[in-house]
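# Inside the fold
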Amino acid sequence: MHELGIMISVVETVEKFAKENGITEIETLVIQIGEISSVVPHFAQACYPAAIDGTMMENTELKIEIIPANCRCNNCSKIFGYVGSRGICPHCEAEDWELLGGEEFNIKEIVAC
Ligand SMILES: [Zn+2]
């Protein structure tokens with residue numbers, strides 16, 4: 001489980017940003033995690049209280065948005081979900097496709113009080 005380290009560095013990044021921009025309190029932190037990112041949303045959420053402990057973000061709520069991993073088939077141009085597809089287009093069974101997203105890990109938004 002590497003999520004604690006990741007969440008600590010997220011908190012550090014946000015704190016630095018807040019200091020630079022004169023923000024003293026943050027209400028909500030919104031992060032985006034791709035469906036096939038190496039970060040497990042459930043673990044990120046579980047590590048969050050430990051990551052914010054003793055920081056200026058102690059009372060900040062974490063919101064996680066999941067970005068679906070979608071593929072576009074190069075044969076029939078249809079879009080399908082990567083998870084459960086086993087790498088085969090469910091429409092035409094081609095194995096030639098492009099991943100459109102799903103590996104993201106972004107700090108999307110900081111909601112100040
Ligand atoms: Zn196809």
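These remarks concern the structure in this document. Owing to the predicted nature of the structure, the values given are computational and were not obtained by experimental measurement. (Residues numbered from 1 in each chain as written. Predicted model: local features only at pLDDT ≥ 70, side-chain atom pairs only at ≥ 80, totals over all residues. Heavy atoms only, no water.)

### Comments concerning the pattern of salt bridges
Just so we agree on the cut-off: A carboxyl oxygen of Asp or Glu within 4 Å of a side-chain nitrogen of Lys or Arg is what we treat as a salt bridge. We count a stretch as a helix when DSSP gives it H or I for four or more residues in a row; a strand needs E for two or more, and each element gets its number in order from the N terminus. Exposure categories follow from relative accessible area, calculated using a 1.4 Å probe and restricted to protein chains: below 20% of the type maximum is buried, above 50% is exposed, and the middle band is partly exposed.
A full pass over the atoms with the stated rule returns 2 salt bridges. In this structure, the salt-bridge partner of lysine 16 is glutamate 20, at a minimum N-O distance of 3.3 Å. Taken together, the residues span about one helical turn, with lysine 16 and glutamate 20 both in helix H1 (residues 3–20) at a distance of 4 residues. Judged on exposure class, the residue lysine 16 and its partner glutamate 20 are both exposed.

### So, the coordination of the zinc ion
Note the threshold: Donors, by definition, are the N, O and S atoms found within 2.8 Å of a metal, the threshold being 3.2 Å for Na, K and Ca, and water is not counted, so a site can look incomplete. Here a site with four donors is tetrahedral if all angles are between 85 and 135 degrees, and a site with four or six donors is square planar or octahedral if opposite donors are over 155 degrees apart and the other angles are between 65 and 115; anything else gets the irregular label.
Those donors, Cys73 (SG), Cys76 (SG), Cys89 (SG) and Cys92 (SG), are the protein atoms that reach the zinc ion, and they lie 2.3 Å from it. Taken together, the 4 donor atoms coordinating the zinc ion and their angles of 105 to 114° define a geometry best described as tetrahedral. Going along the chain, you hit the donors of the zinc ion in the pattern C-x2-C-x12-C-x2-C. Taken as a pair, cysteine 73 in strand E3 (residues 70–73) and cysteine 92 in the loop between strand E4 (79–81) and strand E5 (97–99) lie far apart in primary sequence, 19 residues in all. The class of cysteine 92 is partly exposed, set by a relative accessible area of 29%.

### With respect to unusual backbone geometry
Excluding glycine, most residues fall at negative phi; most peptide bonds, likewise, are trans. Even without being a glycine, serine 77 presents a positive backbone phi close to 65°. Examined against the element boundaries, serine 77 turns out to sit in the loop between E3 and E4. Of note, the phi angle at glutamate 93 is positive, near 70°, even though the residue is not glycine. Relative to the helices and strands, glutamate 93 is located in the loop between E4 and E5. The class of glutamate 93 is exposed, set by a relative accessible area of 65%.

### Let's talk about the sheet that holds E5
What counts is decided by this rule: By the convention used here, strands pair only if DSSP detects at least 2 bridges between them. Note on geometry: axes are lines fitted to C-alpha atoms, helical ones only across the stretch in contact, with angles between N-to-C directions running from 0 to 180 degrees.
Here 3 strands make up an open sheet; going across it, the order is E4-E3-E5 and the pairing antiparallel. Both outer strands of the open sheet, E4 and E5, are each paired with one neighbouring strand and no more. Within this sheet the neighbouring strands show an average axis-to-axis angle of 30°, counted without direction. As defined by bridge partners, E3 adjoins E5 across 3 bridges and the pair is classed as antiparallel. Bridge pairing in E5 links cysteine 73 to tryptophan 97.

### Considering the sheet that holds strand E2 (residues 61–67)
Here is the rule: By the convention used here, residues are in contact when the closest approach between their heavy atoms is within 4.5 Å.
On the basis of which strands lie adjacent, the open sheet formed by 3 strands has the order E2-E1-E6 and mixed pairing. If you trace the sheet from one side to the other, it starts and ends with E2 and strand E6 (105–112), each paired once. If you compare each strand with its neighbour and ignore which way they point, the axes differ by 20° on average. Pairing between strand E1 (residues 26–34) and E2: 7 bridges, direction parallel. Along E2, the bridge assignment pairs glutamine 32 with glutamate 65. Across the sheet, H1 touches E1, E2 and E6, and the angle it forms with E6 is around 45°. The sheet contacts of helix H2 (residues 41–52) involve E1 and E2, and relative to E2 the element is tilted by about 170°.

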